[in-house]
Every structure is written in C-alpha cells, then in structure tokens.
Amino acid sequence: MSAAPEPPTAKRGDAVAATEQVSLLSWLQTVAEQNIPDDLGAVPVPVAFLGRCSDEEAQDPTLSIPRQLDSCRRGLPDGFVIVAHFYDVESGRKSAETRGHGAGHEQFDIPVPRDGGVADLLGEARRADRRFVAVICESIDRVSRLTYVGTRIEHELEQSGVVLLAADEGVDPAVIPALAEGVG
C-alpha cells in the first residue's frame, strides 16, 4: 500500500466549499482503492429465493420449503448468496393476480425466514433499491403449475432487469444482465 495523499481542506462559508466536497469524496475513493486487501476476492452476487408448495394436504411446508431452499443453495455457483426469501403456501394453479397474497404460511412453523410472497418479490424487483440481481427457484413448476403464469412472472422479472434461475436447470452467471453490465 502506498502513502495516501493529503485530504483537501474545506473552506466553510464560500462558493468553493461544494467543489472541495467533491474533491474530498474523490480523495476518499482514492484512499479506499489503495487499501483494498489483495485477498478480498469476488463481490458476492445477491440472489432472492422463490419457493412455493401446496397446503398441508398435498405437502408439508415445514419440509418442502427448506428442501427447496437447500436445492437452490446447492445449485448456485460460488459467490452467489441468497439475501432474501420469498415463498408461498398455496396452489400452484392460482392466477397471477391472486398469487402471493395468501396467509397459508402462517399456519406453519417454517424454519426459513420470509420476506413475503411472489407478489412482494415482484414489487421489490421493480424497485431501484432491490436487494438482488437474480431470483432462484428449485424448478420452474415451483413458480407456477400453469405455464402461462410462470412465464408471466419470469417476464415481469426480466422487465425489471432480474433474471429467474432454476436450480434444476443449472445456473450460468452469463445470463444475469446486471453482471454482464458490470453493475452487480
């Protein structure tokens, strides 16, 4: 590491202060770049988990959701980190408009934190401050049993710049727009 340059001095109360604040930020950036450890490694890629299972008559959500999450974790390449968990306990045959608004998950002690359902996932995906650049599900039929609804959800994510990944299909980092654009 080389010696850091001296920080600019800010003069308070004059028109030059704003320019010097920019200079101060530039100086801080320079110092930060000079002090990055060599062994830092790659920046983690933030991914959201999307799961779904039917009600207790068809599946046990306390087993199915953790199993899906584990499959997704195993399917992610090194450096990809699940930062949010969205899942629903409802029929996979529901329409896109009614998906993700149920409270079926509240009947169970599912050992996976929940940030919301698919409706919440789509809402966050549209925001500029979303926490993830990709969404992973165990398999596409976990998104929906109806091809149209699953494709619609995938399309809505893509319109927001978020790619839908399926662990059972393999994950190729090259398909993630934010990584290809260097803004991951």
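The structure presented is a predicted model; accordingly, all values stated were derived computationally and were not measured.

Asker: Explain the pattern of salt bridges to me, please; I cannot follow it from the model alone.
Answerer: Pairing between side chains becomes possible if they bear opposite charge and their charged atoms approach one another. In the structure shown here, the tally under the stated rule is eight salt bridges. Here Arg126 and Glu156 are joined by a salt bridge, their closest N and O atoms 3.6 Å apart. Separated by 30 residues along the polypeptide, Arg126 in the loop between helix 3 (118–125) and strand 3 (134–137) and Glu156 in helix 5 (residues 147–159) bring together distant segments of the chain. Look at Arg126 and you get exposed, because its relative accessible area is 55%. Glu156 sits in the partly exposed class, given a relative accessible area of 24%. Here Asp129 and Arg127 are joined by a salt bridge, their closest N and O atoms 2.8 Å apart. On the accessibility criterion, Arg127 (38% relative accessible area) is partly exposed. What emerges from the salt-bridge pattern is a single network uniting Asp115, Glu124 and Arg131.

Asker: Could you clarify how one ought to interpret the sheet that holds strand 4 (residues 163–166) in this entry?
Answerer: Sheet strands pair by backbone hydrogen bonding; their relative direction is either parallel or antiparallel. The strand order across the open sheet built from four strands is 2-1-3-4, with neighbouring strands paired in parallel fashion. Whereas interior strands pair on both sides, the edge strands pair on one side only; in this sheet they are strand 2 (80–89) and strand 4. Direction aside, neighbouring strands of the sheet carry axes that sit 30° apart on average. Across three bridges, strand 1 (residues 45–53) lies against strand 3 in parallel orientation. Across the sheet, the residue bridging to Ala48 is Val135, located in strand 3. Across the sheet, helix 2 (residues 61–75) lies against strand 1, strand 2 and strand 3, angled at about 150° from strand 1, the strand it touches most.

Asker: How should I be thinking about the state of the cysteines in this particular structure?
Answerer: What we call a disulfide is simply a covalent bond connecting the sulfur atoms of a pair of cysteines. For the structure on display, the rule yields zero disulfides. Between Cys137, a free cysteine, and Cys72, which holds the nearest cysteine sulfur, the sulfur-to-sulfur gap is 6.4 Å.

Asker: Even after reading the chapter, I still don't get the packing of aromatic side chains, so can you show me in this structure?
Answerer: The way to describe two aromatic rings as a pair is by their centre distance and the angle between their planes. Under the definition given, this model contains one aromatic pair. Taking NZ or CZ as reference, Arg114 lies 5.7 Å from the ring centre of Tyr87, over its face.

Asker: Would you take a moment to explain the side chain of Ser71 for this structure?
Answerer: Among the structural elements, Ser71 can be located in helix 2. On the basis of relative accessible area, Ser71 is assigned to the buried category, the value being 14%. In this structure, Ser71 is in contact with Glu138 and Ala167, ignoring residues within four places of it in sequence.

Asker: What am I meant to see in the environment of Glu124 here?
Answerer: Tracing the backbone shows Glu124 in helix 3. Of the residues examined, Glu124 reaches a relative accessible area of 5% and is grouped as buried. Placed 33 residues apart in sequence, Glu124 and Leu157 show a C-alpha to C-alpha distance of 9.8 Å. Contact partners of Glu124, with chain neighbours within four places excluded, come to Phe86, Arg130, Arg131 and Phe132.

Conventions used here
Residues numbered from 1 in each chain as written. Predicted model: local features only at pLDDT ≥ 70, side-chain atom pairs only at ≥ 80, totals over all residues. Heavy atoms only, no water. Salt bridge = Lys/Arg side-chain N within 4 Å of Asp/Glu carboxyl O. Helix = DSSP H or I, 4+ residues; strand = E, 2+ residues; numbered from the N terminus. Buried < 20%, exposed > 50% of the residue type's maximum accessible area, 1.4 Å probe, protein only. Pairing = 2+ DSSP bridges. Axes fitted to C-alpha atoms, helices over the stretch in contact; angles between N-to-C directions. Contact = heavy atoms within 4.5 Å. Disulfide = S-S within 2.5 Å. Phe/Tyr/Trp six-rings, centres within 6.5 Å; stacked < 30°, edge-to-face > 60°. Lys NZ or Arg CZ within 6 Å of the ring centre and 35° of its normal.

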